[in-house]
Amino acid sequence: MKMRSPRIITIIAAILAATSIQSVTAQRSPNQRQFLANTQLSDKQTNQLKSLGTKVAIPSYVPDGFQVASVQVKPCPSGVRRFCPNYAIIYRNPNNSCFAIESTGGGIGDMPSTDLERSYPVNNSILGKSAVLKYRKNPRLSGPTLTGNWMGKGPFYRFTGAGSRLFLDTAPPELSNCSNISAREAVRVWESLRYLP
C-alpha cells in the first residue's frame, strides 16, 4: 500500500473543507437574498437600518405592487439609550394604498379604545401575539384606519396604517394621503415580520 505524503493529504483536506463551506454558503445565500428581495429594501436602506445597532424587524411578505416609499431612522443621541432608536419603513403601491412597519426602543403605551371598531388577532413567530386594530372614522382621521398594538419586549414593533401618525412624531405624506390595505393583508404582513440578517 502506497502512503500519501502529508502535503497531498493537507491539499485534499483543504479542497474538501472549501467545498463544504461553499455548499453551506450556497444553501444560505439564496434564502437570505430572497428574504431581502421580498422586503423591497435597497442596500442603502438596509444599511441605514443596520446602522441603528438594534434588532430590525422587517416584513418577509409585502403585498404585490408595493414598494418602499421611504425609510426613516432616528438614532439615539450620544449617550442616550432610552426610547430610541426608532425607525419606520413606509410601503406604497400605484393604487395609492400604504402602510408602515415601525420600531422604537421604548416609551410606548396602550392603544386607545375610543372609536375601536374591530380587532384582528396576530401571531408572529418571533414577537408573539398581538392584534391589528381597526378604528372608526373620526374628525382627526380622514377615514377608518388600521394600526397595531406594539409587539416585542424592547425594541417594540407595530404595523401602522394609512392616516396614522408615526411614533417618530412625524406625519409624512406617505401615510397622509393614501388608503389602507385590507385588515387581512395587514395581519399577513405583520405575521411575516422577521429580523434583518
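Up top is the structure.
All of these numbers come straight from a predicted model, not from anything done at the bench.

Moving on to unusual backbone geometry. Here Gly 154 and Pro 155 are connected by a cis peptide whose omega angle stands at 5 degrees. In this fold, Pro 155 is placed in the loop between β7 (145-148) and β8 (156-161). Although it is not a glycine, Asn 96 sits at a positive phi angle of roughly 70 degrees. You can see Asn 96 is positioned in the loop between β3 (86-92) and β4 (98-104).

Disulfides are covalent bonds that connect the sulfur atoms of two cysteines. Within the structure shown, the criterion is met by two disulfides. Between the sulfur atoms of Cys 76 and its disulfide partner Cys 84 the distance amounts to 2.2 Å. With the S-S dihedral at roughly 120 degrees, the linkage between Cys 76 and Cys 84 falls on the right-handed side. Assigned by exposure class, Cys 76 and Cys 84 land together as buried. One disulfide bridge connects Cys 98 with Cys 178, the sulfur atoms lying 1.7 Å from each other. A residue pair is termed long-range when its members are at least 10 positions apart, and Cys 98 in strand β4 and Cys 178 in the loop between α3 (173-176) and α4 (183-191) qualify at 80 residues. Considered together, Cys 98 and Cys 178 belong to a single accessibility category, that of buried residues.

With that settled, consider the nonpolar core. Note on soluble globular proteins: their nonpolar side chains tend to be buried together. By size, the foremost hydrophobic cluster in this structure holds 32 residues, and its most contacted members are Leu 49, Tyr 87, Ile 89, Val 132 and Phe 159. Among the elements that line this core, the one with the most residues is α4, at five residues. Other than its neighbours up to four places away in sequence, Leu 49 contacts Leu 41, Val 56, Val 71, Val 73, Tyr 87, Ile 89 and Leu 196. The next biggest cluster of nonpolar side chains, apart from the first, holds eight residues, and it includes Ala 88, Ala 100, Ala 162 and Cys 178.

Turning our eyes to something else, we now look at the environment of Phe 156. Among the structural elements, Phe 156 can be located in strand β8. Judged by its relative accessible area of 17%, Phe 156 falls in the buried class. Taking the C-alpha atoms as reference points, Phe 156 and Ala 57, 99 residues apart in sequence, are found 9.4 Å from one another. If we ignore the near neighbours within four places in the chain, the residues touching Phe 156 are Glu 102, Ser 103, Thr 104, Gly 105, Gly 106, Ile 108, Trp 150 and Met 151.

What counts as what
- Residues numbered from 1 in each chain as written.
- Predicted model: local features only at pLDDT ≥ 70, side-chain atom pairs only at ≥ 80, totals over all residues.
- Heavy atoms only, no water.
- Helix = DSSP H or I, 4+ residues; strand = E, 2+ residues; numbered from the N terminus.
- Disulfide = S-S within 2.5 Å.
- Buried < 20%, exposed > 50% of the residue type's maximum accessible area, 1.4 Å probe, protein only.
- Core = buried A, V, L, I, M, F, W, Y, C linked by side-chain atoms within 4.5 Å.
- Contact = heavy atoms within 4.5 Å.

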